[in-house]
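Each chain is listed here by its residues.
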Amino acid sequence: MSTILDKIVEQTRIDLKHRMREVSYTDLHSMEGFEKERIDFKAALAKGSVSGLTETIHPPTVIAEVKKASPSKGIIREDFDPITIAKQYEEGGASALSVLTDQPFFKGNLAYLEAISKQVALPLLRKDFIIDPYQVKEAKAFGADAFLIIVAITDGQQLDELLAAAKEFELSALVECYDQADFDRLDFEKVDILGVNNRDLRNFEVDVHRGISILKQAPEDTVLVSESGLSSGQDMALLMKEGIHSALIGEYFMRQPHPGKAVGELLTSTKQVFEKDLLNG
């Protein structure tokens, strides 16, 4: 039986063929965004750290997601203005932005990525179902600084090809695992930003603890990102305690009246919860 992830990838292949006919691989090079000076995505995420009560405490950095809908929840935000939301996130203290560009299932658009790249100074992650190097070059052409690789939808040499494309086009790759089998496929000579999706797109179950246990197996110099299902200071304080550098959060922020203020409130709450936990031993 096919999963929602299988259906998304199948549709991605169909849509990709259409786009490749409309804009050739060579033509992408002449797009305005291709020449944009890239912002260091990895460095922006790596700032999250814990030094204890006697020094400044830094909660995990936040990758705030510009996301209108999802297959499981439908429309998440009716009053969806991607540029306004992106600016609010920047003002609220996000360290990076994730922009959904998948249209059929998440109501995203490459045009959102392009527009946001001209309006904010934060590094941008293209969040999509990347299966071909064309999409990596496309991400750069539309202004991205990084893109998502979902290990579970790659096979054979596909993962290595996408990582090679990241290097060729000077973009960061956030390599996302769902489970231990995905993690065991990784070559950490090539992967330096590791994410674990706490929500399994094959069944939509969320388990933050499972994600942490996988992330902590990575080499020490890997930047670690917890993705999905995070919505409270308690969640973020747990990531702090476990040494996770960054959190990718979308739905929670998008459901708040003011997404940018929600970022700031979450970061403040995280510090308060962590300090309280330290004091209580």
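Asker: Could you clarify how one ought to interpret the overall build of the chain in this entry?
Answerer: Secondary structure summary: the chain contains eleven helices and ten strands in total. Computed over the C-alpha atoms, the radius of gyration of the chain is 18 Å, within 12% of the 19 Å expected from 2.2 N^0.38 for a compact globule of 281 residues. Taking the principal axes of the C-alpha coordinates as reference, the chain spans close to 60 × 40 × 40 Å. Counting over 281 residues, the chain shows a buried share of 54%. Restricting to contacts in the chain with at least 6 residues of sequence separation, those with at least 24 account for 69%. Roughly 12700 Å² of accessible area belongs to the chain as shown, and the carbon and sulfur atoms make up 47% of that amount.

Asker: Before we go on, may I ask you to explain the pairing of strand β1 (residues 61–66) in this structure?
Answerer: The side chains of a regular strand alternate between both faces of the sheet. In terms of burial, β1 is a largely internal element, six of the six residues being buried. Bridge analysis of β1 against strand β10 (residues 246–249) gives four bridges, and the strand direction is parallel. In the strand pairing of β10, A64 is matched with I249. The pairing of β1 with strand β4 (residues 96–100) spans four bridges and is classified as parallel. Of the residues in β4, the one forming a bridge with E65 is S98.

Asker: What exactly am I supposed to notice about the pattern of salt bridges here?
Answerer: Think of it this way: side chains of opposite charge can pair up when their charged atoms draw near. If you walk through the whole model with that rule in mind, you get 13 salt bridges. Residue R19 pairs with E138 through a salt bridge whose shortest N-O separation is 2.8 Å. A residue pair is termed long-range when its members are at least 10 positions apart, and R19 in helix α1 (residues 4–22) and E138 in helix α5 (residues 133–141) qualify at 119 residues. Residue E138 is classed as buried on the basis of its relative accessible area of 2%. Ionic pairing is found between E242 and K216, a salt bridge with its closest N-O pair at 2.6 Å. Here K216 lies in the loop between α8 (208–215) and β9 (223–227) and E242 lies in the loop between α9 (233–241) and β10, a separation of 26 residues in the sequence. Taking relative accessible area as the criterion, E242 reaches 25% and is therefore assigned partly exposed. Assessed through its relative accessible area of 47%, K216 is described here as partly exposed. One salt-bridge network, in which partners are shared between bridges, spans R19, R126, D128 and E138.

Asker: Explain the packing of α1 against α5 to me, please; I cannot follow it from the model alone.
Answerer: To describe two helices that pack against each other, one gives the angle between their axes and the distance between the axes. Put simply, α1 and α5 touch, their axes get as near as 11 Å, and they point 65° apart. Crossing hand, α1 versus α5: left-handed. Together, T12, L16, R19 and M20 of α1 and Y134, Q135 and E138 of α5 make up the contact between the two elements. Looking at the contact of α1 with α5 residue by residue, the classes come out as three nonpolar, two polar and two charged.

Asker: Where do I start with the environment of G264 in this structure?
Answerer: One can find G264 in helix α11 (residues 259–279). On a C-alpha basis, the gap between G264 and G233 in space is 11 Å, while along the polypeptide they are 31 residues apart.

Asker: How should I be thinking about the pairing of strand β5 (residues 124–127) in this particular structure?
Answerer: On β5, burial covers both faces: L124 and R126 on one face and L125 and K127 on the other are all buried. In this view, the connection linking β4 to its parallel neighbour β5 by way of helix α4 (residues 110–117) has right-handed handedness. Looking at chain direction, β5 and strand β6 (residues 146–150) are connected through two bridges and run parallel. Following the sheet pairing, R126 is matched in β6 by F147.

Asker: Mind showing me how you'd approach the side chain of N198 here?
Answerer: Its location among the elements puts N198 in the loop between β8 (193–197) and α8. Judged by relative accessible area, which is 0%, N198 ranks as buried. Within the structure, N198 has its side chain in polar contact with the side chain of S226 (distance 2.9 Å). For N198, the side chain forms a polar contact with the main-chain oxygen of S228, separated by 2.9 Å. Those residues in contact with N198 that lie beyond four places of it in its chain are E205, V206, D207, V208, R210, G211, S226, E227, S228 and L230.

Asker: Just to check I follow, could you spell out the packing of aromatic side chains for this structure?
Answerer: To describe a pair of aromatic rings, one takes the distance between the centres and the angle between the planes. Inspection of every chain in the model, using the stated rule, returns eight aromatic pairs. Through a chain of ring-to-ring contacts, three or more aromatic side chains come together here, namely Y25, F34, Y134 and F169. Note that K137 overlies the ring of Y25, its terminal NZ or CZ placed 4.3 Å from the centroid. Over the ring of F34 we find K140, and its NZ or CZ is 4.7 Å from the ring centre.

Cut-offs and rules
Residues numbered from 1 in each chain as written. Predicted model: local features only at pLDDT ≥ 70, side-chain atom pairs only at ≥ 80, totals over all residues. Heavy atoms only, no water. Helix = DSSP H or I, 4+ residues; strand = E, 2+ residues; numbered from the N terminus. Rg over C-alpha atoms; globule rule 2.2 N^0.38 Å. Buried < 20%, exposed > 50% of the residue type's maximum accessible area, 1.4 Å probe, protein only. Contact = heavy atoms within 4.5 Å. Areas by Shrake-Rupley, 256 points an atom, 1.4 Å probe, with all protein chains shown as cover. Pairing = 2+ DSSP bridges. Salt bridge = Lys/Arg side-chain N within 4 Å of Asp/Glu carboxyl O. Axes fitted to C-alpha atoms, helices over the stretch in contact; angles between N-to-C directions. Left-handed = near helix turned anticlockwise from the far one by under 90°. Nonpolar A, V, L, I, M, F, W, Y, C, P; charged D, E, K, R; others polar. Right-handed = clockwise from strand over helix to strand, strands pointing away. Polar contact = N/O pair within 3.5 Å; in protein donor to acceptor, adjacent residues only side chain to side chain. Phe/Tyr/Trp six-rings, centres within 6.5 Å; stacked < 30°, edge-to-face > 60°. Lys NZ or Arg CZ within 6 Å of the ring centre and 35° of its normal.

The analysis is restricted to geometry; functional conclusions fall outside its scope.
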